[in-house]
Each structure stands twice: as structure tokens, then as C-alpha cells.
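# Residue-level structural notes
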Amino acid sequence: MDDKKFWLDGACSLDAGIRLQNELTFGQATPRVTVTSIPGRSGDLHMWDGSYSNVTGTAKCFALNANEVAELLPGIAEFLCGETMGYRRLETEEEPDIYRMARVENLPETEIRVRRLAPFNISFDCMPQKFFKSGEWPITVASGDILRNPTGQAALPLVELVLSGDAKLQIGQVQLSINGYAGNMVLDCELQDAYKDGTNLNQYVTAPEFPVLGPGENQISWTGGIDSCVITPRWWSL
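Here is a short report on the structure shown in this document. (Residues numbered from 1 in each chain as written. Predicted model: local features only at pLDDT ≥ 70, side-chain atom pairs only at ≥ 80, totals over all residues. Heavy atoms only, no water.)

## Regarding the side chain of Arg-88
The test is simple: Comment: elements are numbered from the N terminus, with helices defined as DSSP H or I runs of at least four residues and strands as E runs of at least two. We call two N or O atoms a polar contact when they sit within 3.5 Å, provided that within protein one can donate a hydrogen and the other can accept it, with sequence-adjacent residues counted only if both atoms are side-chain atoms. Contact definition: two residues touch when any of their heavy atoms are within 4.5 Å.
Mapped onto the elements, Arg-88 comes out in strand E8 (residues 88-92). A distance of 2.9 Å separates the side chain of Arg-88 from the backbone oxygen of Leu-80, its partner in a polar contact. Apart from the residues within four sequence positions on either side, Arg-88 is in contact with Leu-8, Asp-9, Phe-79, Leu-80, Cys-81, Gly-82, Arg-100, Met-101 and Ala-102.

## Here we look at the environment of Glu-23
Convention followed: Exposed residues in this analysis have more than 50% of their type's maximum accessible area, buried residues have under 20%, and partly exposed residues fall in between, with area computed by a 1.4 Å probe over protein chains only.
Note that Glu-23 resides in the loop between strand E3 (18-20) and strand E4 (25-26). On the basis of relative accessible area, Glu-23 is assigned to the partly exposed category, the value being 45%. Taking the C-alpha atoms as reference, Glu-23 lies 8.0 Å from Thr-92; in sequence the two are 69 residues apart.

## So, the packing of aromatic side chains
For the record, the criterion: Only rings of Phe, Tyr and Trp enter the pairing, Trp through its six-membered ring, and a pair is recorded when the two centres are within 6.5 Å. The plane angle decides the type: under 30 degrees is stacked, over 60 is edge-to-face, the rest tilted. Lysine NZ or arginine CZ positioned within 6 Å of the ring centre and within 35 degrees of the ring normal marks a charge as sitting over the ring.
All chains considered together, the criterion is met by 4 aromatic pairs. Relative to Phe-124, the ring of Phe-6 lies with its centre 5.9 Å away and its plane at 85°, an arrangement referred to as edge-to-face. One end of the pair, Phe-6, is in strand E1 (residues 6-8); the other, Phe-124, is in strand E10 (residues 120-126), and 118 residues separate them in sequence. A residue is classified by how much of its surface remains accessible, and Phe-6, at 0% relative accessible area, is buried. In this structure Phe-124 comes out as buried when scored by relative accessible area, which is 0%. On the numbers, 5.4 Å between centres and 25° between planes, the contact of Tyr-99 with Phe-131 is stacked. Note that Tyr-99 is positioned in strand E9 (residues 98-104) and Phe-131 in strand E11 (residues 130-132), a separation of 32 residues in sequence. By relative accessible area, which is 12% here, Tyr-99 ends up buried. Taking relative accessible area as the criterion, Phe-131 reaches 12% and is therefore assigned buried. Three or more aromatic residues link up through ring pairs in this structure, and these residues are Phe-6, Phe-79 and Phe-124. The lysine or arginine in question, Arg-89, covers the ring of Tyr-99, its NZ or CZ lying 3.8 Å from the ring centre. Lying across the ring of Phe-26, Arg-100 places its NZ or CZ 3.7 Å from the centre.

## Details of the nonpolar core
One broad rule of soluble globular proteins: the nonpolar side chains tend to lie buried together. Here is the rule we go by: Here, nonpolar core refers to any group of buried Ala, Val, Leu, Ile, Met, Phe, Trp, Tyr and Cys residues whose side-chain atoms link them within 4.5 Å.
Grouped together as the largest cluster of nonpolar side chains are 25 residues, with contacts concentrated most on Leu-161, Leu-169, Met-185, Leu-187 and Ile-220. Breaking this core down by element, the ones donating at least two residues are strand E14 (158-171), strand E15 (174-178), strand E16 (183-188) and strand E20 (216-232). Not counting residues up to four positions away in its chain, the partners in contact with Met-185 are Val-159, Glu-160, Leu-161, Leu-163, Ile-178, Ala-194, Tyr-195, Leu-201, Tyr-204 and Val-205.

## Notes on the environment of Asp-193
Tracing the backbone through its elements, the reader meets Asp-193 in strand E17 (residues 193-196). Residue Asp-193 is classed as partly exposed on the basis of its relative accessible area of 25%. Considered as a pair, Asp-193 and Thr-232 are 39 residues apart in the sequence and their alpha carbons are 15 Å apart. If we skip the residues at most four places from it in the chain, Asp-193 touches Val-186, Leu-187, Asp-188, Asn-200, Asn-202 and Phe-210. A distance of 2.9 Å separates polar atoms of two side chains, one belonging to Asp-193 and the other to Asn-202.

Any functional reading would require information beyond the geometric quantities listed.
Below is the structure:
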């Protein structure tokens, strides 16, 4: 039977000397709800701001080589820490079409040294989203095209434009006006920024809000000086 494994930022756990006992397990994302009690009124008021809490992931593991555990520890620590101990791309064999953004919460060095090859756990603090790998594929669109969001969650796309003059761009329910700029422009709807090569271009964009790709069909259309439009949709689900 093949050794069970997972990947962090594309690096395989087996290469670091870590083998899974069984598949990773994850909690379920829950809405962040503020509960308010009003004096003199029965019942509580629940307010949801549209966001979700992080989820916990657990990997039950073995170190691969009983005779070289001490030698494996530096590689295991390097694999788990990464460069910053921040969020990293986590992929599993059980969900090959999605990835999560996860932060390693513990380093099992002491547990391995003391217990040798007894099982040890790795805990992950994961963002609530499960990102679709298909949502990473850039899509070249023409004015009037429709992008269909296959999930029940509004996606925050990356929009890459080549502009030859002023333009109006409609994405779903939101219309943006771009004035006084020509050249390449990136609209990052997650960061809520317009930029080119690190230079902020927000001053050229007017919109009530940055657009989203809601569940179902989203029409993309424009008038004016848009020579090309490429959208990376960033589909995700819970």
C-alpha cells in the first residue's frame, strides 16, 4: 500500500520523513455571530457579518525511519515551519481538486524524541475556505460572456485588464468606471486594490464596491477602451 502523504506549498511530507496514519481530519467552518442581549426583551439578537471562523485540522503521523529519527528532526521542523510559520497551501490525497490555507500550530520534536515512533499529531489552523484548483485557471473573456460560479459562495476574482482608454466594466451586479489610465491593470477583488507591478492605481477606478462572482451566472461586459480581460475566478466553498 502506498505511504499516505500531504503537501505544504508543494513539498511532500514523505520527503521530510513524515507518513500519515490515516487521512487528515478537519472541523467545519461556522459563521461568526455576535449575540446581544437586550434588557427587558426576551431572546437574544444574533448578528452575522458574513464571515466564518477558522477550522482545525489534525494529521496523525509517524516518522518514517526508526534508526534515523534524530537525523529526520531538522528536516521535519523545516518542512512544518516554512519561512514564516504563516498560512501555507495545504493539499491532501483525499481532496485532490481543492486546497486549503493552513498554519502549522505545533512542532512535534519533543514528542518524537521521547516516544520514538509512537504516533504524533500535527495540528493545523486553517482558513475556513476550501479553494478549488479550477478557480486558479485564468479565463480570457469577451464582452457579453458569462462565468458560472459552481459553488454557493461569492468568489473574489483577480481581473487583469489591458486598457487603451476610459472604460466601463460590468462584473455581475457591479459596474466600475476606469478613467485617465491606459496600459495594464490588475483588479484584486480580495485585496480591494487596483495596481500594476506594485504601483497602486486605485485613483483611476470608481465603483460602489469591488465586484464578486456570485453563485450561478455572472455576466461580464464592457464599453470603451478595454482591449483584453482575463479573470482568475478563485472559486471556493466551505
